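# Descriptive structure summary
Here are the chains, one letter per residue:
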Amino acid sequence: DRVYFAFIQLRWSSVFWKSWDWLMLVLALLHGVNGLRVIVLDYVRSARARLSINSFFTILGAALMVLGTIIVVTFDPADWPAVT
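Overview of the structure.

### Let's talk about the pattern of salt bridges
One pass over the structure, following the stated rule, counts one salt bridge. Salt-bridge contacts for Arg-11 lead to Asp-21; the nearest nitrogen and oxygen are separated by 2.9 Å. You can see Arg-11 sitting in helix H1 (residues 5-11) and its partner Asp-21 sitting in helix H2 (residues 15-43), a full 10 residues away along the chain.

Below, the structure written as structure tokens:
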């Protein structure tokens, strides 16, 4: 109930909060991809399959990181009308 678009507009008008949210995004993606890597290392026996699956997860994580970075960097709260 407390997080709504006007809240995000106000929060992301500060460089500190944009940087903080970007850092949380990067750390969460790194944590998730590393967790998937460990699971693959535990359960996939074939070296070729491990390499393929881990490469897929690494590319997916990098793509999500790029998309998230684009959103955080290009979002301008002034472009949106004030929501009450």
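### A closer look at the packing of H2 against helix H3 (residues 47-74)
The geometry of a pair of packed helices is captured by two quantities: the angle between their axes and the separation between those axes. Between H2 and H3, the least distance of the axes is 10 Å, while the angle of their chain directions is 170°. In terms of orientation, H2 lies roughly antiparallel with respect to H3. Residues Lys-18, Trp-22, Leu-25, Val-26, Leu-29, Leu-30, Val-33, Leu-36, Arg-37, Val-40 and Leu-41 of H2 pack against Arg-50, Ile-53, Asn-54, Phe-57, Thr-58, Gly-61, Leu-64, Met-65, Gly-68, Thr-69, Val-72 and Val-73 of H3. Its residues placed into classes, the contact of H2 with H3 shows 15 nonpolar, five polar and three charged.

### Looking at the side chain of Asn-54
By the secondary structure assignment, Asn-54 is in helix H3. When its relative accessible area of 16% is taken as the criterion, Asn-54 is described as buried. In contact with Asn-54, other than residues within four places in its own chain, are Leu-36, Arg-37, Val-40 and Leu-41.

Calculation criteria
Residues numbered from 1 in each chain as written. Predicted model: local features only at pLDDT ≥ 70, side-chain atom pairs only at ≥ 80, totals over all residues. Heavy atoms only, no water. Salt bridge = Lys/Arg side-chain N within 4 Å of Asp/Glu carboxyl O. Helix = DSSP H or I, 4+ residues; strand = E, 2+ residues; numbered from the N terminus. Axes fitted to C-alpha atoms, helices over the stretch in contact; angles between N-to-C directions. Parallel < 35°, antiparallel > 145°, perpendicular 65-115°, else oblique. Contact = heavy atoms within 4.5 Å. Nonpolar A, V, L, I, M, F, W, Y, C, P; charged D, E, K, R; others polar. Buried < 20%, exposed > 50% of the residue type's maximum accessible area, 1.4 Å probe, protein only.

Read these as layout, nothing more, since geometry by itself doesn't imply function.
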